[in-house]
Structure formats: C-alpha cells, structure tokens
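What the coordinates show
Each chain, written out:
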Amino acid sequence: MRLKIAVLAGDGIGPEVTREATNILRAVAELGGHDFTFVEGLIGGVAITENGTPLPSATMDAALDSDAVLLGAVGDNKFNSLTPDKRPEAGLLQIRQALGGYANLRPSIAYTALAASSPLRPEVIENADILFVRELLGGLYFGEPRWWNKETNEAINTMRYTRDEVVRVARIAFELASKRRKKVTSVDKANVLEVSQLWRATVTEIAKDYPDVTLEHQLVDSMAMHIMNIPRNFDVVLTENLFGDILSDEAGVITGSLGMLPSATIGGQVNLYEPVHGSAPDIAGTGKANPLGAILTAAMVLRHSAGLEQDARAVEQAVHKVLDAGYRTADIARGDKNAQLVSTLEMGKHVHQALAESIDRRQSMHAV
Ligand code: NAD
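None of these values were measured; they are calculated from a predicted model. (Residues numbered from 1 in each chain as written. Predicted model: local features only at pLDDT ≥ 70, side-chain atom pairs only at ≥ 80, totals over all residues. Heavy atoms only, no water.)

Digging into the overall build of the chain
Summing up its helical and strand segments, the chain has twelve helices and 14 strands in all. Relative to a compact globule of 368 residues, whose C-alpha radius of gyration would be 21 Å, the chain shows 21 Å and is just as compact. Along the longest, intermediate and shortest principal axes, the C-alpha atoms of the chain span 60 × 50 × 40 Å. Residue burial in the chain is summarised as follows: out of 368 residues, 52% are buried. Taking contacts inside the chain between residues at least 6 apart in sequence as the whole, the part at least 24 apart equals 76%. Looking at the chain as shown, the accessible area adds up to about 16,500 Å², and 52% of this sits on carbon and sulfur atoms. Here the chain contributes 36 positively and 46 negatively charged side chains, and the mean placements of these two sets differ by 3 Å. (Helix = DSSP H or I, 4+ residues; strand = E, 2+ residues; numbered from the N terminus. Rg over C-alpha atoms; globule rule 2.2 N^0.38 Å. Buried < 20%, exposed > 50% of the residue type's maximum accessible area, 1.4 Å probe, protein only. Contact = heavy atoms within 4.5 Å. Areas by Shrake-Rupley, 256 points an atom, 1.4 Å probe, with all protein chains shown as cover. Lys, Arg positive; Asp, Glu negative; His and termini not counted. Charge placed at Lys NZ, Arg CZ, Asp CG, Glu CD.)

Listed below in structure tokens is the structure:
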C-alpha cells in the first residue's frame with residue numbers, strides 16, 4: 001500500500017502530538033511492508049512567522065498533491081492582535097475549504113480504563129461507541145442571506161440544504177454504519193423546520209438502498225438528552241452542520257478529555273485528519289500533551305485513506321491496551337490512584353510497543 005501524507009503540525013502542542021501520530025504511521029508502514037511518505041508543510045502561526053501568511057501556497061500545493069493531510073493544531077496568542085483573516089486559525093479554515101470535505105467524522109468512545117475521567121457515571125457510558133457524521137459545508141453556517149443590520153437591530157442567518165447535499169452525506173453515514181453496528185440515527189428538527197423535513201425525507205429515501213442498516217430519526221432536542229442518558233444505544237449519528245457541531249462536543253464528555261478525540265473530514269479532494277483539540281498554549285513545551293487524540297486520528301488515516309482496517313483497529317486496540325495498563329498523561333489521570341503519569345513522548349512509545357506486539361502476533365498467526 002502506497003500513501004503520501006502531508007503533515008502540517010502547526011503550533012503549540014501540534015508538533016508534539018503530530019510527531020507521535022506520524023511515528024505510529026511509520027511503525028504501521030514498517031511492520032506491514034507499506035510505502036508511506038511524509039511531506040511536511042507549515043500552517044498557522046509558524047507559517048505567519050516564516051512566510052507572512054497562515055497558509056503558504058507551498059503548503060496548499062503539498063496538501064492537494066497528497067493522499068491524506070494530517071494536521072496538528074493551529075493558534076498562537078502572539079497573533080491575537082491581527083484581524084481574524086490574518087490569524088493562524090484562518091489557515092485552518094482556508095485549508096478545510098480548499099480540500100472540500102463535506103462529511104466530518106467524530107468518534108466518541110467510552111474507555112473503561114478512563115471511567116474516572118468522565119463526569120458521567122461508569123454504568124452510563126459503558127460500551128458507548130458513537131460515530132458522528134456531520135454535514136460540514138451546508139446549513140446555517142453557509143446559507144445566504146446572512147447579515148446583521150445594526151441600525152434596525154435585526155440579524156439573519158439561513159439554514160439551507162439541497163437534496164443532493166443531504167444525499168451525499170447520508171450515503172457516507174450508511175456506508176460506515178454497514179461496516180459497524182448497522183444503525184443510523186438521523187438528527188433533525190422536522191417538527192418545526194422545513195429544511196429538516198427535506199433532510200428527513202431524503203435520508204429515509206437513501207436508507208432503502210441499505211436494507212441491512214436500521215434507520216431511526218431523532219429530534220435534536222431529545223437527542224441531546226438521549227446521548228447523555230443511554231449513549232450505548234447509538235452507532236452512527238447523522239446530522240446537519242449546526243446540530244452536529246453541538247452534539248459531537250456534548251458527546252466528547254463520554255471520552256473524558258479533549259486530548260483523546262480524533263476527527264476526519266472526508267468526501268472532498270483530499271481527506272483531512274486532525275485531533276479535535278487546539279494548540280493548548282498553556283501546556284505547550286511541557287511534555288504534558290496527550291498524544292492519543294492525534295494517534296487515534298492516525299488510525300482514521302489508515303481506515304479512511306489507506307483502506308487498512310485491520311491496522312486501524314490494531315492502533316485503536318494499542319491505545320486501549322496502554323490505558324488498561326494504567327499509563328496516563330496529566331489530563332486523563334484525574335481521580336485515578338493507580339495511574340502511572342507519563343509524558344507525551346512516553347505515551348507515544350507505549351502505544352508503539354503495544355502496536356508492534358499486536359502486529360507481530362497477527363503476522364505469526366498468518367505464518368502458521
Ligand atoms: P485547546 O483545545 O487548545 O485547549 C483547551 C484546554 O484543553 C486547555 O486547558 C489545554 O491544555 C487542554 N488540552 C487541549 N488539548 C490537549 C491535549 N492533547 N492534552 C492535554 N490537554 C489538552 O483550546 P483553547 O485553549 O480554546 O485554544 C487554544 C488555541 O488553539 C487558540 O488559539 C484557538 O484558536 C486554537 N484552536 C485550534 C483548533 C484547531 O487547530 N483545530 C481547535 C480549537 C482551538
């Protein structure tokens with residue numbers, strides 16, 4: 001398997017966690033005999049310092065010329081006085097737009113070993129494993145007209161979807177569900193909004209092409225409660241842009257730390273992979289950053305860009321294994337007396353070791 005990955009580490013803890021994620025990808029390539037190449041590019045504050053712009057054209061070219069883009073995080077307080085279009089975060093918005101992905105995937109998983117890190121009771125989050133599929137290019141964030149008339153004190157945003165926009169993201173949700181627990185929960189507000197009625201009718205129609213996948217509809221307000229009450233009831237959750245933004249953050253609580261959450265944006269020219277967290281300037285350079293969100297993001301690269309499902313699972317299982325063994329970065333050590341506190345680098349090494357053992361075992365089983 002050949003894969004060219006553009007690595008845009010960015011600012012703050014971005015380079016620290018991205019280094020651990022790329023080490024894991026290198027290990028998978030080496031252990032499995034794959035040919036992965038890594039091309040580095042600047043984005044965010046480091047790019048402003050070097051090139052005067054948060055997204056240099058060389059970075060954009062490298063991203064478009066790759067099979068997958070792995071991004072760390074952007075954001076640096078020293079640029080706070082710049083206008084929003086010149087700040088590090090502008091680079092992120094520009095690259096997301098240029099790559100054109102319309103389906104944002106956000107897993108939310110309960111780790112038994114981390115039950116103490118979640119504010120929810122262990123019996124509530126037990127066995128929770130949700131994959132959000134959020135539509136990313138339509139809805140309220142992009143709909144026209146949009147304006148704020150400061151004289152009349154009136155403002156407008158427009159929630160707009162076309163059938164085609166719903167069809168393409170719904171297909172991704174059903175495809176993914178058919179490889180998981182075969183259930184799609186589509187979220188809308190069809191009792192009030194016409195745009196949600198279009199959403200519901202379209203998703204219902206697409207579901208007919210996936211007879212092995214169960215479809216249920218939920219209204220967004222009651223869904224917000226169900227996620228906290230019985231998260232294990234959900235498999236793939238399909239949402240429009242705004243609802244998904246809110247619900248996927250809410251469900252992040254199940255996992256227990258921002259540092260544990262991966263994401264992928266697929267469907268465009270090149271898939272974009274990034275941990276959910278930001279550049280965390282408060283802990284940058286201290287070795288306290290949790291690299292597991294970035295490492296789980298690397299697993300998503302393997303699954304969605306390389307088609308290496310077994311290796312993606314091996315990385316995810318390696319993460320489970322190091323957590324079960326008690327290794328913790330500071331953000332996930334809360335309330336856990338048996339935790340063995342480790343640095344970013346040490347956590348990466350433990351995952352690497354667990355991964356190597358599991359891939360070795362798999363290969364010797366094949367040899368038998
Ligand atoms: P943040 O995600 O950077 O940090 C929030 C809190 O979570 C901090 O206390 C931080 O220490 C902690 N945290 C985050 N990631 C962690 C990790 N991997 N391990 C351990 N702890 C972790 O959000 P913020 O503080 O609101 O923003 C900081 C900067 O990041 C800002 O410039 C913001 O614009 C930017 N930002 C970037 C992205 C992105 O690149 N995708 C996302 C959010 C924020």
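Section: the site of the ligand
Around the ligand lies a shell of 20 residues, among which E89, G278, A280, D282 and N290 are the nearest. Measuring from an oxygen atom of the ligand, one finds a side-chain N or O atom of E89 at 2.5 Å. Considering the ligand on its own, with 800 Å² of exposed area, one finds that the protein chains cover 69% of that surface. When the residues that make up the shell around the ligand are grouped by side-chain class, the tally is ten nonpolar, six polar and four charged. (Near = heavy atom within 4 Å. Polar contact = N/O pair within 3.5 Å; in protein donor to acceptor, adjacent residues only side chain to side chain. Nonpolar A, V, L, I, M, F, W, Y, C, P; charged D, E, K, R; others polar.)

Some remarks on the packing of helix α1 (residues 14-32) against helix α10 (residues 292-304)
The axes of two packed helices give the description: the angle between them and the distance between them. Running from amino to carboxyl end, α1 crosses α10 at an angle of 40°, the nearest separation of the two axes being 8 Å. Taken together, the axis directions place α1 and α10 in an arrangement best described as oblique. The crossing of α1 and α10 is right-handed. Listed contacts from α10 to V17, E20, A21, I24, L25 and V28 of α1 are A294, I295, A298 and L302. Class assignment of the residues belonging to the contact of α1 with α10 gives a composition of nine nonpolar, no polar and one charged. (Axes fitted to C-alpha atoms, helices over the stretch in contact; angles between N-to-C directions. Parallel < 35°, antiparallel > 145°, perpendicular 65-115°, else oblique. Left-handed = near helix turned anticlockwise from the far one by under 90°.)

Quick look at the nonpolar core
Of all hydrophobic cores here, the largest spans 73 residues; its most connected members are V133 and L323. Each of two domains, domain 1 (1-107 + 257-368) and domain 2 (119-255), supplies a minimum of three residues to this core. Apart from the residues lying within four places of it in its own chain, the contact partners of L323 are Y111, A113, L114, M260, L292, R328, I332 and M347. Counting residues in hydrophobic clusters, the runner-up holds 17 residues, among them L120, L242, L247 and I254. (Core = buried A, V, L, I, M, F, W, Y, C linked by side-chain atoms within 4.5 Å. Domains from an automatic or database assignment.)

Some details on the pattern of salt bridges
Per the counting criterion, the structure on display carries 22 salt bridges. Between D129 and R180 there is a salt bridge, with its nearest N and O atoms 3.3 Å apart. Of the two residues, D129 sits in strand β5 (residues 129-135) while R180 sits in the loop between α6 (163-178) and β8 (183-188), which places them 51 residues apart along the sequence. Residue D129 is classed as partly exposed on the basis of its relative accessible area of 26%. The partner of E316 in a salt bridge is R303, and the shortest N-O contact between them spans 2.9 Å. (Salt bridge = Lys/Arg side-chain N within 4 Å of Asp/Glu carboxyl O.)

Regarding the packing of aromatic side chains
Applying the stated criterion across every chain yields a total of two aromatic pairs. Each ring, one from Y161 and one from W199, has its centre 5.5 Å from the other, and the planes form 65°; the classification is edge-to-face. Within this pair, whereas Y161 is found in the loop between β7 (154-158) and α6, its partner W199 is found in helix α7 (residues 194-207), the two being separated by 38 residues in sequence. The buried category is assigned to Y161, whose relative accessible area is 9%. With a centroid separation of 5.2 Å and an interplanar angle of 15°, the aromatic rings of F174 and Y210 are classed as stacked. (Phe/Tyr/Trp six-rings, centres within 6.5 Å; stacked < 30°, edge-to-face > 60°.)

Some words on the sheet that holds strand β12 (residues 271-273)
The strand order across the open sheet built from ten strands is β2-β1-β3-β12-β11-β4-β5-β10-β8-β9, with neighbouring strands paired in mixed fashion. Here the strands that pair on one side only, and so sit at the sheet edges, are β2 (35-40) and β9 (214-219). Put simply, the sheet's adjacent strands are angled 25° from each other on average, direction ignored. Seen against the sheet, helix α8 (residues 220-229) touches β5, β8, β9 and β10 (236-239) and runs at an angle of roughly 105° to β9. (Pairing = 2+ DSSP bridges.)

Focus: unusual backbone geometry
Cis rather than trans, the peptide bond between E144 and P145 has omega equal to 0°. Even without a glycine there, the phi angle at N127 is positive, about 65°. Tracing the chain through its elements places N127 in the loop between α5 (122-125) and β5. A relative accessible area of 59% places N127 in the exposed class. Unlike most non-glycine residues, K182 shows phi in positive territory, near 65°.

Description of helix α11 (residues 309-324)
Taking 1.5 Å of rise per residue, 16 residues should cover 22 Å, and α11 covers 22 Å from first to last C-alpha, within 8% of that figure. Downstream of α11 by one or two residues, G326 has phi in the positive range, about 100°. (Expected span 1.5 Å × (residues − 1).)

Description of the domain arrangement of the chain
When cut into domains, the chain gives domain 1 (1-107 + 257-368) and domain 2 (119-255). Relative to domain 2, the C-alpha centre of domain 1 lies at a distance of 25 Å. At the interface, 16 residues of domain 1 touch 18 residues of domain 2. Contact with domain 2 buries surface across domain 1, with Y102, N104 and R106 losing the most and accounting together for 48% of the total. Connecting domain 1 to domain 2 are one salt bridge. Across the pair R106 and D249 runs a salt bridge, and its minimum N-O distance is 3.1 Å. Taken together, domain 1 and domain 2 are joined by five residue pairs in polar contact (both at pLDDT 80 or more). Those elements giving two or more residues to the side of domain 1 that touches domain 2 turn out to be β4 (103-109) and β11 (264-266). A total of five residues in the side of domain 1 that touches domain 2 trace back to one element, the largest contributor, which is β4. Looking at the side of domain 1 that touches domain 2 residue by residue, the classes come out as seven nonpolar, seven polar and two charged. (Buried area = accessible area lost by both parts, 1.4 Å probe.)

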